[in-house]
Amino acid sequence: MAQSFDVVVIGGGPGGYVAAIRAAQLGLKTACIDDWKTPDGKPALGGTCTNIGCIPSKALLQSSENFEQAGHGFADHGVRVKGLELDLAQMQKRKDQVVKASNDGVAYLFKKNKVAFFHGRGSFVKAGPEGCEIAVSGETLSARNVIIATGSSPRTLSGAAFDEKLILSNDGALAIPEVPKRLGVIGAGVIGLEMGSVWRRLGSELTILEALPVFLGAADEQIAREAWKIFTKQGLKIELGVKITGVKTRKDVTVEYTDAEDKAQSAIFDRLIVSIGRIANTEGLNAEAVGLKLERGFVAVDEQCRTSVAGVWAIGDVVRGPMLAHKAEEEGVAVAERIAGQHPHVDFNTIPWVIYTTPEIAWVGKTEQQLKAEGVAYRAGTFPFMANARARALGDTAGLVKFVADAKTDAILGVHIIGAFASELIAEAVVAMEFRASSEDIGMICHAHPSLSEAMKDAALAVDRRALNI
Ligand code: FAD
Ligand code: NAI
């Protein structure tokens, strides 16, 4: 006899667990199935994000930044550190504790909200308007609504399968037991830059090999240029326009490639991180057998996350759009509310992007190059952190803020930041854009002094050529 629910969520990552909590809050009898397990077989809720993504990477980014500051940053503040030592085992242990606290947090929230949790791999038995059935660990769950939130996995480079010893995905890249002397990274995207930064700060000689001829193509060009300048000064060696022709492993890893001039090159690394994008997790779901349409490997959905089968929804990394935890969460909440008969809306134009390098890079809305391509008339205002008093006090003056606003209406179309705490500053821009604010609105709001947020105000004022501090 199947256990019956109003909603069954497959996947306990940030999309799935948030959808389950919201559905339960709305009075729906909800179950969540997740198959993640610790090495000793225990459940570990939170998905990629919590276990081998956002959370452990940010823990290591913070620890490695502390190490770099103690070694190279504190002296300028008159703080001398003698006998600085790296305790990588402790750093990894702390990271694991941060992860565990997050796993436990999700389990606690499930209990609090009365979400039934099933540990194992969920697979469709049937799906359709008359109801769905999902098999998990020898049980069958039935529900009128199923939310697929199965996430994504790292894409493999052909001829370079992950062994997590020499050729590492994000999983292995978070758990290297000793600092590799020569670290190679294939793909100068978000993971490559973040994980590369961690190991460079801890002492690795870092080389990043990127296929595209441009650096950070999704970011605003001015911000990407600034990032390139700062990162290469930090010692990151980034080669653009390469084509990988072979990867061989012995005691170390040899990567053969052609460079931007089409010349054959090779490089030897102690470890190689391959971060060339991710693919949707649909394997084992029995999705196509129950009529679910896939599109380029993703579960096909409309704007509201409805799949091709009535009563089945899909959210997060397994569907189109940016692979970001907060995008997955927004979709999860919206789907739960739609199932409960509400009319939520996710504005895909105001989803912020953050790259947690030093300095951080964050943006929301359109880049200048996008607006040019779309033929939109705009005005841009920039403000450098060098001219911000708090940034000088912090000793963190790299970077700038840029506002892009409609030339006629002054509505903010995009905000781009490279600098300290960009991940926090961007929230003001998201709020402003959600409320359809103009750049003048931000310029008229009182910002605390001295604070980095004043750079937001000054950049907004700079749109009208009236920044006060430059
Ligand atoms: P996931 O988090 O992938 O969760 C899916 C869950 O479903 C997993 O537990 C999986 O095992 C389970 N599952 C899959 N199939 C089944 C099945 N058939 N039955 C049962 N369970 C199943 N995003 C950010 O916004 N900020 C960041 O700082 C950030 N950092 C990242 C760092 C790294 C190294 C990586 C790899 C990713 C990072 N991301 C970040 C991206 C973020 O992790 C994803 O966008 C997010 O996890 C997607 O959430 P999700 O719920 O769709 O899927
Ligand atoms: P990515 O899409 O960010 O970057 C992949 C890079 O690899 C691209 O620049 C691409 O041109 C390059 N590439 C692809 N094939 C290649 C090849 N054969 N040789 C050389 N280069 C190649 O993907 P990444 O870094 O794997 O991350 C996956 C996703 O995870 C991100 O897109 C993002 O959505 C999410 N993520 C988000 C983070 C955040 O929000 N801070 C942090 C880490 C990951």
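This text goes with the structure placed above it.
Quick caveat, the model's predicted, so the values are computed rather than measured. (Residues numbered from 1 in each chain as written. Chains lettered and ligands numbered in written order. Predicted model: local features only at pLDDT ≥ 70, side-chain atom pairs only at ≥ 80, totals over all residues. Heavy atoms only, no water.)

Undergrad: Run through the overall build of the protein chain, naming residues and quoting values.
TA: Looking only at helices and strands, one finds 13 helices and 24 strands in the protein chain. Computed over the C-alpha atoms, the radius of gyration of the protein chain is 24 Å, within 12% of the 23 Å expected from 2.2 N^0.38 for a compact globule of 470 residues. The burial tally for the protein chain puts 53% of its 470 residues in the buried class. Accessible surface, the protein chain: about 21800 Å² in total, of which carbon and sulfur atoms supply 52%. Across the protein chain, the centroid of the 51 positively charged side chains sits 2 Å from that of the 56 negatively charged ones. (Helix = DSSP H or I, 4+ residues; strand = E, 2+ residues; numbered from the N terminus. Rg over C-alpha atoms; globule rule 2.2 N^0.38 Å. Buried < 20%, exposed > 50% of the residue type's maximum accessible area, 1.4 Å probe, protein only. Areas by Shrake-Rupley, 256 points an atom, 1.4 Å probe, with all protein chains shown as cover. Lys, Arg positive; Asp, Glu negative; His and termini not counted. Charge placed at Lys NZ, Arg CZ, Asp CG, Glu CD.)

Undergrad: Provide a residue-level description of helix α7 (residues 221–234), including the pertinent values.
TA: Given a rise of 1.5 Å per residue, 14 residues ought to cover 20 Å, and the 20 Å separating the end C-alpha atoms of α7 matches this to within 8%. If you check which residues of α7 are buried, you get Ile 223, Ala 224, Glu 226, Ala 227, Ile 230 and Phe 231. The buried residues of α7 occupy an angular sector of 160° when projected down its axis, which confines them to one face. Exposed side chains of α7 directed beyond 90 degrees from the buried face belong to Arg 225, Lys 229 and Lys 233. Elements that come into contact with the buried residues of α7 comprise α6 (190–201), β21 (360–365), β23 (400–406) and β24 (412–419). Where α7 begins, the capping side chain belongs to Asp 220, and its oxygen is found 3.1 Å from the backbone nitrogen of Gln 222. Directly after α7, the chain includes Gly 235, whose backbone phi takes a positive value near 105°. (Expected span 1.5 Å × (residues − 1). Arc of directions from axis to C-beta. Contact = heavy atoms within 4.5 Å. Polar contact = N/O pair within 3.5 Å; in protein donor to acceptor, adjacent residues only side chain to side chain.)

Undergrad: Tell me about the site of ligand 2, and name the residues and values.
TA: Taken together, 24 residues sit near ligand 2, with Glu 194, Glu 210, Gly 277, Met 323 and Val 354 positioned nearest. Within the side chain of Glu 194, a nitrogen or oxygen atom sits 2.8 Å from a nitrogen atom of ligand 2. Between an oxygen atom of ligand 2 and a main-chain N or O atom of Gly 277, the distance comes to 2.9 Å. Out of a free accessible area of 830 Å², ligand 2 has 77% covered by protein chains. Of all the secondary structure elements, the ones that give two or more residues to the shell around ligand 2 are α6 and β20 (353–355). Among the elements that take part in the shell around ligand 2, α6 stands out by supplying 4 residues, more than any other. (Near = heavy atom within 4 Å.)

Undergrad: Could you give an account of the nonpolar core, with specific residues and numbers?
TA: Counting residues in hydrophobic clusters, the biggest one holds 37 residues, and the most contacted among them are Trp 199, Ile 208, Phe 215, Leu 216, Phe 231, Ile 273 and Ile 361. Mapped onto this core, the elements with two or more residues apiece are α3 (54–73), α4 (88–113), β9 (182–186), α6, β10 (205–209), α7 and β21. Top contributing element to this core by residue count: α7, with 5 residues. What Ile 273 contacts, discounting residues up to four positions off in sequence, is Leu 168, Ala 173, Leu 183, Gly 184, Val 185, Ile 186, Met 195 and Trp 199. Grouped together as the second largest cluster of nonpolar side chains are 31 residues, Phe 385, Ala 387, Ala 432 and Met 456 included. (Core = buried A, V, L, I, M, F, W, Y, C linked by side-chain atoms within 4.5 Å.)

Undergrad: Please provide a residue-by-residue account of the site of ligand 1, values included.
TA: Surveying the vicinity of ligand 1 reveals 38 residues, the closest of which are Asp 34, Asp 35, Thr 48, Lys 58 and Gly 122. Measuring from an oxygen atom of ligand 1, one finds a side-chain N or O atom of His 326 at 3.2 Å. With the chains in place, 94% of the 990 Å² that ligand 1 exposes on its own is no longer accessible. Residue assignment for the shell around ligand 1 shows that the elements contributing at least two residues are α1 (14–25), β2 (30–34), α2 (47–52), α3 and α8 (325–339). By residue number, the principal contributor to the shell around ligand 1 is α2, which donates 4 residues. The residue makeup of the shell around ligand 1, split by class, is 15 nonpolar, 17 polar and 6 charged. (Nonpolar A, V, L, I, M, F, W, Y, C, P; charged D, E, K, R; others polar.)

Undergrad: A description of the packing of aromatic side chains should follow, citing residues and the corresponding values.
TA: Scanning the model with the defined rule gives 5 aromatic pairs in all. Both rings, one in Phe 110 and one in Phe 117, keep their centres 6.4 Å apart while their planes meet at 50°; by these two values the pair is tilted. Relative accessible area serves as the criterion here: at 3%, Phe 110 is assigned to the buried category. Residue Phe 117 is classed as partly exposed on the basis of its relative accessible area, which comes to 29%. (Phe/Tyr/Trp six-rings, centres within 6.5 Å; stacked < 30°, edge-to-face > 60°.)

Undergrad: Could you give me a rundown of the pattern of salt bridges, with the residues and numbers involved?
TA: Scanning all chains against the criterion turns up 20 salt bridges. Where Asp 35 meets Arg 121, a salt bridge forms, and the shortest distance between an N and an O atom there is 2.4 Å. Pair noted here: Asp 35 is in the loop between β2 and α2 and Arg 121 is in the loop between β3 (116–119) and β4 (123–126), with a separation of 86 residues, a long-range link. For Asp 35, a relative accessible area of 33% corresponds to the partly exposed category. Residue Lys 402 is joined to Glu 368 by a salt bridge in which the shortest nitrogen-to-oxygen separation is 2.5 Å. Of this pair, Lys 402 sits in strand β23 while Glu 368 sits in helix α9 (residues 368–374), and the two are 34 residues apart along the sequence. In this pair, the class of Lys 402 matches that of Glu 368, namely buried. (Salt bridge = Lys/Arg side-chain N within 4 Å of Asp/Glu carboxyl O.)

Undergrad: Just give me the short version of the pairing of β23, but keep the residues and values in it.
TA: By the criterion of burial, β23 is predominantly enclosed, with 7 of the 7 residues buried. By the bridge criterion, 7 bridges tie strand β22 (residues 378–384) to β23 in an arrangement that is antiparallel. Paired with Ala 380 across the bridge in β23 is Val 404. Alignment of β23 against β24, held across 6 bridges, turns out to be antiparallel. Bridge pairing in β24 links Phe 403 to Val 415. Taking the residues that link successive antiparallel strands as the turn, the β23-β24 hairpin has 5 residues, and the phi of Asp 410 there is positive, at about 70°. (Pairing = 2+ DSSP bridges.)

Undergrad: Talk me through the packing of α3 against α6; I want residue IDs and the actual numbers.
TA: Axis separation between α3 and α6 bottoms out at 8 Å; the angle between their running directions is 35°. In terms of crossing hand, the pair formed by α3 and α6 is left-handed. Each of Ser 57, Lys 58, Leu 60, Leu 61, Ser 64, Glu 65, Phe 67 and Glu 68 in α3 lies in contact with α6, whose residues at this interface are Glu 194, Met 195, Ser 197, Val 198, Arg 200 and Arg 201. Residue composition of the contact of α3 with α6, by class: 5 nonpolar, 3 polar and 6 charged. (Axes fitted to C-alpha atoms, helices over the stretch in contact; angles between N-to-C directions. Left-handed = near helix turned anticlockwise from the far one by under 90°.)

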